[in-house]
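# Understanding the architecture of this molecule
What follows is the residue order along each chain.
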Amino acid sequence: MVRFTNKYKQEAKKFEMKPFSGARKTSWRSPSNIALVKYWGKHGIQLPQNPSLSFALKNSFTETSVSYSFKKLEKTELEFLFEGKPNITFKNRINKVLAVYSEYLPFLQKLNLEIESKNSFPHSSGIASSASAMSALALCLVSIEKDLFGTLNEKKYFFQKASFLARLGSGSAARSVFPGFVVWGEDKKVKSSSDEIAVTLQTKIHDKFQKLNDAILITSSAKKQVSSSQGHDLMIQHPFAEARYEQAGKNLKKLIQSLEKGDEEKLIEVLENEALSLHSLMMSSNPGFTLLNSSTWQIIEKVKQFRIAKNLMLTFTLDAGPNVHLIYKAKDKAEITTFVASELVQFCENGYWIDDQMGSGPEKLI
Ligand code: DP6
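This structure is a prediction, so every number in the text was calculated from the model and none was measured.

## A look at helix α8 (residues 294–310)
For an α-helix the count is 3.6 residues per turn, leaving residues at separations of three or four pointing the same way. The first and last C-alpha atoms of α8 sit 24 Å apart over 17 residues, in line with the 24 Å expected at 1.5 Å per residue. Those residues of α8 lying buried are Ser295, Thr296, Ile299, Ile300, Val303, Phe306 and Arg307. For α8, the angular spread of the buried residues around the axis is 140 degrees, confining them to a single face. Structural note: α8 exposes Ile308 and Ala309 on the side pointing more than 90 degrees away from its buried face. For α8, the secondary structure elements touched by its buried residues are β10 (212–217), α7 (264–283), β11 (314–318), β12 (324–329) and α9 (333–344).

In structure tokens, the structure reads:
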């Protein structure tokens, strides 16, 4: 099914660009998200091998602004600043993504673009920023389409297209354009779900899980030995690939049931199974690799002990790196913060951790 791909390609043919004078600007803040059921393995053009489920964060975000003016000369270079300075690596990545977007937003070639971007978290914190960065950029570009052509006036269509474009930049970014619990990837049980765009999970979430927090413990900020893109590629020949995609589907079903029923034990079981399965897939790839370090394991052990001792709903998940995300209910914040400060901060690089929580999705700044 490539419903949205075809629709956006057809629509792209109708854009008629008229010259305009002066420069205009748009700016978006978009959050990172934390996956509870993981996307690991893709095919075709950024299509996921299995559905994933995440929630939007609040304090970990990217702010991107795009200034645009009508291009008089054919050959002008993109101007790009990251945290106030030129950054050639990010600029190259953006140029690649803009080339992909030319099929859907051909008018971009007729614009001079000046892009500025910054993150709320330190760049070298080991926190993946592709989800927030690519979703913030996609949101700016759909805002430009709306401004120039008067399209996408309906909120639903605006965010669908943003999610579609964000996905082409980085798979997990598709989920960052929506608040609450979000699913990306087609699944029979999730209404309107699609491989091409993410959707908000339309189910009644139990009161217990309305407000979840995420304490992100940074155990290392070193550049990863193997990138997520390389990790996804290694799933192509992976001996456990089929079993993994089936497991993800089953975990999604279990997780949705636990979110509806307020089943804490099941939520813990699914989150930890997903986190550990993700990293065991990396270890059993060919070549095998691990992104975890001894601090990751020590934190995991401490979390399990604390959960039993205090009888609290405290669990963990991991993204593609050694940092641990502690997931817990907002009402337990004081107790968890004390636990982090007294027992876990010793495993964090320079004592650094990010106090985050569920957020309300992206915000238009200009
Ligand atoms: C482990 O979205 O970073 O965080 O599509 O190649 O940009 P690309 O990969 P990316 O992969 C994220 C992997 C993950 C799990 C998840 O967020 O679902």
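## Section: the environment of Val177
In this fold, Val177 is placed in the loop between α4 (155–169) and β8 (181–184). Residue classification places Val177 among the buried positions, given a relative accessible area of 1%. C-alpha of Val177 to C-alpha of Ala162: the two residues are 15 residues apart in sequence and 7.0 Å apart in space. If near-sequence neighbours (up to four positions away) are discounted, Val177 is found in contact with Ser135, Leu139, Phe159, Ala162, Ser163, Ala166 and Pro362.

## Structural notes on the site of the ligand
As a structural note, the neighbourhood of the ligand is formed by 17 residues, with Tyr39, Ser170, Gly171, Ser172 and Arg175 the closest of them. Lys42 places a side-chain nitrogen or oxygen 2.8 Å from an oxygen atom of the ligand. One of the side-chain nitrogen or oxygen atoms of Ser229 is found 3.1 Å away from an oxygen atom of the ligand. Protein burial of the ligand: of its 460 Å² of free accessible surface, 92% is covered by the chains. Per-element tally for the shell around the ligand: the top contributor is helix α5 (residues 228–234), with three residues. Tallied by class, the residues present in the shell around the ligand amount to five nonpolar, eight polar and four charged.

Rules used in this analysis
Residues numbered from 1 in each chain as written. Predicted model: local features only at pLDDT ≥ 70, side-chain atom pairs only at ≥ 80, totals over all residues. Heavy atoms only, no water. Helix = DSSP H or I, 4+ residues; strand = E, 2+ residues; numbered from the N terminus. Expected span 1.5 Å × (residues − 1). Buried < 20%, exposed > 50% of the residue type's maximum accessible area, 1.4 Å probe, protein only. Arc of directions from axis to C-beta. Contact = heavy atoms within 4.5 Å. Near = heavy atom within 4 Å. Polar contact = N/O pair within 3.5 Å; in protein donor to acceptor, adjacent residues only side chain to side chain. Areas by Shrake-Rupley, 256 points an atom, 1.4 Å probe, with all protein chains shown as cover. Nonpolar A, V, L, I, M, F, W, Y, C, P; charged D, E, K, R; others polar.

Geometric descriptors of this kind do not, in isolation, establish any biological role.
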